[in-house]
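# Observations on the three-dimensional arrangement
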Amino acid sequence: MVTVQVELSGTAGLKHIISGLEAARACDDEKVFEALSGMASVLDDMKCSLARMHEKLDPDDFHNILRPLLCGWGLGSKPLPGGLVYEGVSDETLEFSGGSAAQSSTLQCFDEVLGVEHEPDKKAFLVRMRDYMPRAHREFIQALAKKPCLRSYVFKRQNNCRKLLSAYNECIKSLQEFRNYHLQIVAKYIISPSHKSKICDVVAKQGTGGTSLMSFLKGVRNTTGKSSIDT
């Protein structure tokens, strides 16, 4: 339920995303500033929600009992890389990615509106994870991707309104800190328990969505930080 709380905390950012884009179109620096400030606050709230993982969840229980159920079938996922036959549904093997934080609609919205550009292989995975989102969420992210991002607006206006630059960079900092905190969660609940687990080691090193776990997460975090605009 913590992941649900994280997404719920993030929904407050939608109004700031929309108002920010509308303000940028109207060249209203003050309202863009307010929107960026609101987004940073929401991202900080999402991090606080994620921190609730520590309250009642034991790392060994998560790793050994819950996490194996989140692994997908096929698409490189282990332990069934060839997929799974769903009797009564299909005679052919079906392949699905497992549950993944990359399926977060909220985080991908922030990436698009803030103009965060991930490396091609990681971007491709994030786009594929949209197939597991509700259609309305996926279409909203696609619509955001077609609009000029706030990074472009801030870059053009930074000499006229310096506080815009500060507000944008604060947003990027909050997004990067959220992803860095997620890395700490992964280390506690997956990496550390895997050293004493009986579960196949390859499952521990691989994300439930099928990625190389730590490499993917560190890469996404690092490209987020690189999106800040030099002052």
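Summary of the structure given here. For clarity, every value in this text was computed on a predicted model and none was experimentally measured. Residue positions are given per chain, counted from 1 along the sequence in the order it is written. It should be noted that, the model being predicted, local features are given only for residues of pLDDT at least 70 and side-chain atom pairs only at 80 or more, the latter also being counted only at that level, while totals for whole chains, interfaces and linings use all residues. Calculated side-chain values reflect all of the structure's heavy atoms, with hydrogen atoms and water omitted.

Before going further, it helps to examine the overall build of the chain. In DSSP terms, a helix is any run of H or I states spanning at least four residues, a strand is any run of E spanning at least two, and both are numbered starting from the N terminus. For the chain, the count of helices and strands is 12 helices and 2 strands. Its helices and strands in sequence order give the chain the pattern α-α-α-α-α-β-β-α-α-α-α-α-α-α, from N to C terminus. Radius of gyration: over C-alpha atoms. The globule rule applied is 2.2 Å multiplied by the number of residues raised to the 0.38 power. Computed over the C-alpha atoms, the radius of gyration of the chain is 19 Å, within 12% of the 17 Å expected from 2.2 N^0.38 for a compact globule of 231 residues. Burial here depends on accessible area, computed with a 1.4 Å probe over protein chains only, as a share of the maximum for the residue type. Under 20% is buried, over 50% is exposed, and the range in between is partly exposed. Counting only residues that meet the buried cut, the chain has 46% of its 231 residues in that class. Pairs of residues are marked as contacts when any of their non-hydrogen atoms sit within 4.5 Å. For the chain, contacts bridging at least 24 residues in sequence account for 76% of all contacts bridging at least 6. As displayed, the chain offers around 12200 Å² of accessible surface, 55% of which is attributable to carbon and sulfur atoms. The convention is simple: Lys and Arg are positive, Asp and Glu are negative, and His and the chain ends are not counted. Where a charge lies is defined by one atom per residue type: Lys uses NZ, Arg uses CZ, Asp uses CG and Glu uses CD. Each charge sign in the chain was given a centre, from 30 positive and 27 negative side chains, and these centres are 4 Å apart. Under the convention used here, a 1.4 Å probe and the Shrake-Rupley method define accessible areas, while residue burial counts only the protein chains that appear.

We now examine the pattern of salt bridges. Take a side-chain nitrogen of Lys or Arg and a carboxyl oxygen of Asp or Glu: if they are within 4 Å of each other, that pair is a salt bridge. What the rule picks out here adds up to 9 salt bridges. Here K123 and E112 are joined by a salt bridge, their closest N and O atoms 2.9 Å apart. Here K123, found in helix α7 (residues 120-129), pairs with E112, found in helix α6 (residues 105-114); they are 11 residues apart in sequence, far enough to count as distant. Its relative accessible area of 24% is what places K123 among the partly exposed residues. The salt bridge partner of E139 is R135, with a shortest N-O separation of 3.9 Å. In this pair, E139 and R135 are both assigned in helix α8 (residues 135-145), 4 residues apart and thus about one turn of the helix distant.

The α-helix advances 3.6 residues per turn, and as a result positions three or four apart in sequence lie on the same side. For a helix, the expected span equals 1.5 Å multiplied by the number of residues minus one. For helix α12 (residues 213-225), built from 13 residues, the straight-helix expectation of 18 Å at 1.5 Å per residue is met to within 8% by its first-to-last C-alpha distance of 19 Å. Looking only at α12, the buried set comprises L213, F216, L217, G219, V220, R221, T223, T224 and G225.

Like-charged residues within 9 Å of one another, or nonpolar side chains (Val, Leu, Ile, Met, Phe, Trp, Tyr) within 5 Å, are grouped into patches, provided each residue has over 30% relative accessible area and no salt bridge. The grouping of L66, L69 and L70 at the surface amounts to a nonpolar patch, some 280 Å² of accessible area in total. Mapped onto the elements, L70 comes out in helix α5 (residues 59-70).

What follows deals with the packing of aromatic side chains. Here a pair means two rings of Phe, Tyr or Trp (six-membered ring of Trp) with centres within 6.5 Å. Their orientation is stacked below 30 degrees between planes, edge-to-face above 60, and tilted elsewhere. A full pass over the atoms with the stated rule returns 3 aromatic pairs. Charge over a ring is defined by NZ of Lys or CZ of Arg lying within 6 Å of the ring centre and within 35 degrees of the ring normal. One Lys or Arg, K163, reaches over the ring of F33 and ends 4.4 Å from the middle of that ring.

With axes taken as lines fitted to C-alpha atoms, and helix axes fitted only over the stretch in contact, angles between N-to-C directions fall between 0 and 180 degrees. As a packed pair, helix α3 (residues 29-50) and α6 sit with axes 12 Å apart at the nearest point and diverge in direction by 150°. Our classification of the angle between α3 and α6 gives roughly antiparallel. In this structure, the crossing between α3 and α6 has a hand that is left-handed. Across from L36, M39, V42, L43 and M46 in α3, the residues of α6 making contact are T106, L107, F110, V113 and L114. Looking at the contact of α3 with α6 residue by residue, the classes come out as 9 nonpolar, 1 polar and no charged. For classification purposes, angles smaller than 35 degrees are called roughly parallel, those larger than 145 roughly antiparallel, those between 65 and 115 roughly perpendicular, and all remaining angles oblique. When the near helix sits turned anticlockwise from the far one by under a right angle, the crossing is termed left-handed; a clockwise turn instead gives a right-handed crossing. Three residue categories are used. Nonpolar comprises Ala, Val, Leu, Ile, Met, Phe, Trp, Tyr, Cys and Pro, charged comprises Asp, Glu, Lys and Arg, and polar comprises the others, including Gly.

Attention now moves to the nonpolar core. The biggest cluster of nonpolar side chains holds 53 residues, and the ones touching the most others in it are I17, L36, M39, M46, F110 and L114. Broken down by element, this core gets its largest block of residues, 14 residues, from helix α10 (residues 162-194). Setting aside its immediate chain neighbours within four residues, F110 contacts G13, I17, M39, V42, L43, M46 and L175. Working definition of a nonpolar core: buried Ala, Val, Leu, Ile, Met, Phe, Trp, Tyr and Cys residues. They are joined through side-chain atoms within 4.5 Å.

Okay, the packing of α5 against α10 next. It is at 8 Å that the axes of α5 and α10 come closest, and there the two elements cross at 80°. Classified by the angle their axes make, α5 and α10 are roughly perpendicular. Mapping the contact onto sequence places P59, D60, F62, H63 and R67 in α5 and K188, Y189, I190, P193 and S194 in α10. Residue composition of the contact of α5 with α10, grouped by class: 5 nonpolar, 2 polar and 3 charged.

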